[in-house]
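Analysis of the macromolecular model
Okay, here's what each chain looks like letter by letter:
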Amino acid sequence: MSKPATTETRMEKIVSLCKRRGFIYQSSEIYGGIGGFWDYGPLGAELKRNLRDTWWRAMTREREDVVGLDATIIMHPAIWRASGHVDTFADMMRECTISNKRVRADHVEPQSGSVIRFTGAKVPTPGNWHLDRTIAVLMKQGEHIESFRKRVRLLIAQNAGAAAGKPEEIELLGEEKIDTIDGSVDFHPETGGMLNEARPFNLMLRTYVGPTATENDIAYLRPETAQAIFAQFKNVCDSSRVKVPFGIGQIGKAFRNEVTPKNFTFRSREFEQMELEFFIKPDEAVRLIHGSVAAWHEGADLSEPKPDWGWEMWHRYWVAQRTAYYASIGLGLDVLEYHWQTKADLAHYARACVDILYKFPFGTDELEGIAARGSFDLTQHQTHSGKQLEYFDEELKAACDAMNQEQKTAFIEETHAARTNLETSREEITSTCEKLFKGLYIPHVIEPSAGLDRLALAILADAFDEEEVTDDKGKTETRTVLHFHPRIAPIKVGVFPLLKNKPELVSKAREIVALLRPHMSVFYDETAAIGRRYRRQDEVGTPFGVTIDFETLGEEKPEFKDTVTLRERDSMEQRRIPIAELLPFLLSKIL
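Report follows, based on the coordinates. (Residues numbered from 1 in each chain as written. Predicted model: local features only at pLDDT ≥ 70, side-chain atom pairs only at ≥ 80, totals over all residues. Heavy atoms only, no water.)

1. Structural notes on the packing of helix H2 (residues 42-61) against helix H9 (residues 311-328)
Between H2 and H9, whose axes approach to 11 Å, the crossing angle comes to 140°. The angle between H2 and H9 places the two elements in the oblique class. Remark: the crossing between H2 and H9 carries right-handed chirality. Residues Leu51, Thr54, Trp55, Ala58 and Met59 of H2 form the contact with H9, whose participating residues are Trp318, Arg322 and Tyr325. Looking at the contact of H2 with H9, its residues break down into six nonpolar, one polar and one charged. (Axes fitted to C-alpha atoms, helices over the stretch in contact; angles between N-to-C directions. Helix = DSSP H or I, 4+ residues; strand = E, 2+ residues; numbered from the N terminus. Parallel < 35°, antiparallel > 145°, perpendicular 65-115°, else oblique. Left-handed = near helix turned anticlockwise from the far one by under 90°. Contact = heavy atoms within 4.5 Å. Nonpolar A, V, L, I, M, F, W, Y, C, P; charged D, E, K, R; others polar.)

This is the structure in structure tokens:
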């Protein structure tokens, strides 16, 4: 395979292909677009649906311990106060003092150059427009002074609007070089204007529920799907007869008012999440039932869950499960990396978190986070709602009923000794243990949380390729191809009659389309030379092509009657296959 020379070129080509072939469009493009929002075209919609289906199948249908949920986008605002989103779900934002453009404080790359200050600006015309404030702008290393001044005039004109007139008519006042800097993060990465002080910017998008649109009617578009799972935990337990350990999975839209959406669809304001909340017994409950908790060690068997697993084994298990899922859709260990968060990185309630990263053309970044969240979320919702979300565990109650008071006292002392490094009082520990003895606890949670849009982008980036190929006549050309795994390819098979003006070929091709279409996505194409039709399907990642030719009709070689030419995208190899074997073969590849 021959990849484009630079990552910039590669990303530009991927973005271009996505629009040209109907994978992804800029939202509201005919009105100039809207930042951070994207629409998926015919092939993109099919790709996302296939990815949803593979995730749902792997997480729910192929397991006995996970059920599904489909919750509303707008929920009671108290949910977001309980989860901490209203008070703390914010990015630190800085604003350019010239253009008012915003940027996340942690997204400003260090820059070097000369800081130039102007005392103001004016336009010597009858309108007498003027800017009466001091501005400071970074002239980057290697930038010519006249180009720099032209850039500053353009920035001022863009911010002032029509009142300032043409940029070239603006006169810059009081120019002075005030400093030379190296590695500064105090200037906007695009404009070069000095940034103001960082301040928190809440990422939740507000709306109103009801006709009055007052402060009492404020609601939020959900910034994540997880909280609905916690809010419905008790209902799922009561209605589904599930027993801990078990999970609740959900796929759905989420919204974040990102300060600086960037890198195509990677960081958007509207996106889809695929999240699982897997509820497990607290380690103390496992110890009471089984006498000990299985400890994680290198080489530990994670193939099947065991009753004596604690949170660490469950966390490692889900990292392994998610890794296997990515491999099943074509993202192997050669393109994935893992970042195990340090204690300094972790959220205050988390015990561990690993980020699964993909090597995008613009850099290695997160596909999915797998966190051990403890009992934080359910505890918060129990406290704020006043509803009991404790789980009654019959197995735990039976184990504790068999203990005498001396054993229970010893357990409390052991638990207290194990928690000396945590901010938990002796009274709280004793209360928790007393509830455990009654069979009650708030389950702990392992949360694998993946972004569907990020996954679709990773799949597109990983599949994109350009190859130099030579045809039978010795002619060399560049073949653009998407090497999608057949399981997730938007179109599974292209069907081509060799000639469109031969009714018997067209009729047989239509019969094959009718045979395959109930089971998979099929694209029928009868225009242009067969080689060109192959190339068109290569470019959208169709893994198989079926050509109906005269041998299919038995006219040239009777022994090939009722066979077709099957072409495989990646190898471009062609072979004859009986029509009767076509459907079973294709199903074996795409399921």
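So that's the structure; there's more coming.
2. A look at the pattern of salt bridges
One side chain can pair with another of opposite charge once the charged atoms of both are near each other. Evaluation of the coordinates by the stated rule reveals 45 salt bridges. Arg21 is paired through a salt bridge with Glu539; the nearest N and O atoms lie 2.8 Å apart. In this pair, Arg21 is assigned in the loop between helix H1 (7-20) and strand E1 (24-26) and Glu539 in helix H16 (residues 530-539), connecting sequence segments 518 residues apart. Look at Glu539 and you get buried, because its relative accessible area is 14%. For Arg576, the salt bridge identified is with Glu551, shortest N-O distance 3.4 Å. Placement of Arg576 in strand E29 (residues 574-578) and of Glu551 in the loop between strand E27 (544-548) and strand E28 (563-568) is noted, with a sequence separation of 25 residues between them. Residues joined in a network through salt bridges with shared partners are Glu467, Glu477, Arg479, Arg535, Asp538 and Arg567. (Salt bridge = Lys/Arg side-chain N within 4 Å of Asp/Glu carboxyl O. Buried < 20%, exposed > 50% of the residue type's maximum accessible area, 1.4 Å probe, protein only.)

3. A look at the nonpolar core
Phe23 and Tyr326 are the most contacted members of the largest nonpolar core, which totals 61 residues. Contributing elements (two or more residues each) for this core: H1, H2, strand E16 (270-280), H9, strand E18 (352-360), strand E19 (363-374), strand E22 (444-451) and helix H14 (452-463). In terms of residues, this core owes the most to one element, H14, which gives nine residues. Not counting the four nearest positions on each side in its chain, Tyr326 is found in contact with Leu331, Leu336, Ile356, Leu367, Glu368, Ala450 and Leu455. (Core = buried A, V, L, I, M, F, W, Y, C linked by side-chain atoms within 4.5 Å.)

4. Some points on the environment of Ser28
In this fold, Ser28 is placed in the loop between E1 and strand E2 (38-40). Between the C-alpha atom of Ser28 and that of Asp39, which follows or precedes it by 11 residues, the distance is 8.5 Å. Filtering out sequence-adjacent residues up to four positions away, Ser28 remains in contact with Gly33, Ile34 and Asp39. Engagement of the side chain of Ser28 in a polar contact is seen with the side chain of Ser27, the distance being 3.4 Å. (Polar contact = N/O pair within 3.5 Å; in protein donor to acceptor, adjacent residues only side chain to side chain.)

5. Some remarks on the sheet that holds strand E15 (residues 246-255)
Spatial strand order, E3-E15-E16-E22-E19-E18-E17: seven strands in an open sheet with mixed pairing. Because the sheet does not close on itself, it has two edges, and the strands there are strand E3 (66-68) and strand E17 (336-340). Averaged over all pairs of adjacent strands, the angle between their axes in this sheet comes to 25°, without regard to strand direction. Summarising the sheet, E16 and E22 pair through six bridges and their orientation is antiparallel. (Pairing = 2+ DSSP bridges.)

6. Remarks on unusual backbone geometry
Going from Val244 to Pro245, the amide bond is cis rather than trans, its omega being 10°. Considering the arrangement of structural elements, one finds Pro245 in the loop between helix H7 (233-240) and E15. Residue Arg241 is not a glycine yet carries a positive backbone phi of 55°. Within the fold, Arg241 resides in the loop between H7 and E15. In this model, Asn263 sits at a positive phi of 55°, which is unusual for a non-glycine residue.

7. Thoughts on the side chain of Ser114
With respect to the helices and strands, the residue Ser114 is situated in strand E6 (residues 111-118). Setting aside its immediate chain neighbours within four residues, Ser114 contacts Val137, Leu138, Met139, Lys177, Asp179 and Thr180.

8. Thoughts on helix H13 (residues 426-437)
With 12 residues, H13 extends 17 Å between its outermost C-alpha atoms, agreeing within 8% with the 16 Å of an ideal straight helix rising 1.5 Å per residue. The inward-facing, buried residues of H13 contact helix H8 (283-290), helix H11 (394-401), helix H12 (405-418) and strand E21 (440-441). Gly439 sits one or two positions beyond H13 and adopts a positive phi of about 90°. (Expected span 1.5 Å × (residues − 1).)

9. Considerations on the state of the cysteines
In total, this model carries zero disulfides according to the counting rule given. The closest cysteine sulfur to the non-disulfide-bonded Cys400 is located on Cys433, 9.5 Å from its own sulfur. On the basis of relative accessibility, which here comes to 0%, the residue Cys400 falls in the buried class. (Disulfide = S-S within 2.5 Å.)

10. Section: the packing of aromatic side chains
On inspection of all chains with the given rule, the structure shows 24 aromatic pairs. Note on Phe233 and Phe246: the rings are 6.1 Å apart at their centroids and 15° apart in plane angle, and the pair reads as stacked. Taken as a pair, Phe233 in helix H7 and Phe246 in strand E15 lie far apart in primary sequence, 13 residues in all. Looking at Phe246, the relative accessible area reads 2%, which means it is buried. Taking 4.7 Å as the distance between ring centres and 50° as the angle between the ring planes, the aromatic pair formed by Phe233 and Phe279 counts as tilted. With a gap of 46 residues between them, Phe233 in helix H7 and Phe279 in strand E16 connect regions that are remote in the sequence. Connected via pairs of aromatic rings, a cluster forms that spans Phe278, Trp309, Trp314, Tyr317 and Trp318. (Phe/Tyr/Trp six-rings, centres within 6.5 Å; stacked < 30°, edge-to-face > 60°.)

11. Side note on empty space enclosed by the protein
With the rule as written, the count across this model stands at one cavity of 30 Å³ or more. Roughly 50 Å³ of internal volume is contained in the largest cavity. Surrounding the largest cavity, Phe496, Tyr534, Gln537, Asp538, Thr542, Pro543, Phe544, Gly545, Arg567, Glu568 and Arg569 form its lining. Going through the elements one at a time, H16, E27 and E28 are the ones with two or more residues in the lining of the largest cavity. Among the elements that line the lining of the largest cavity, the one with the most residues is H16, at three residues. Here the residues of the lining of the largest cavity sort into four nonpolar, three polar and four charged. (1 Å grid on protein atoms, 1.4 Å probe; cavity = no way out; pocket = protein on both sides within 12 Å on 5 of 7 lines; lining within 4 Å. Points joined across faces, edges and corners; volume = space filled by probe spheres on them.)

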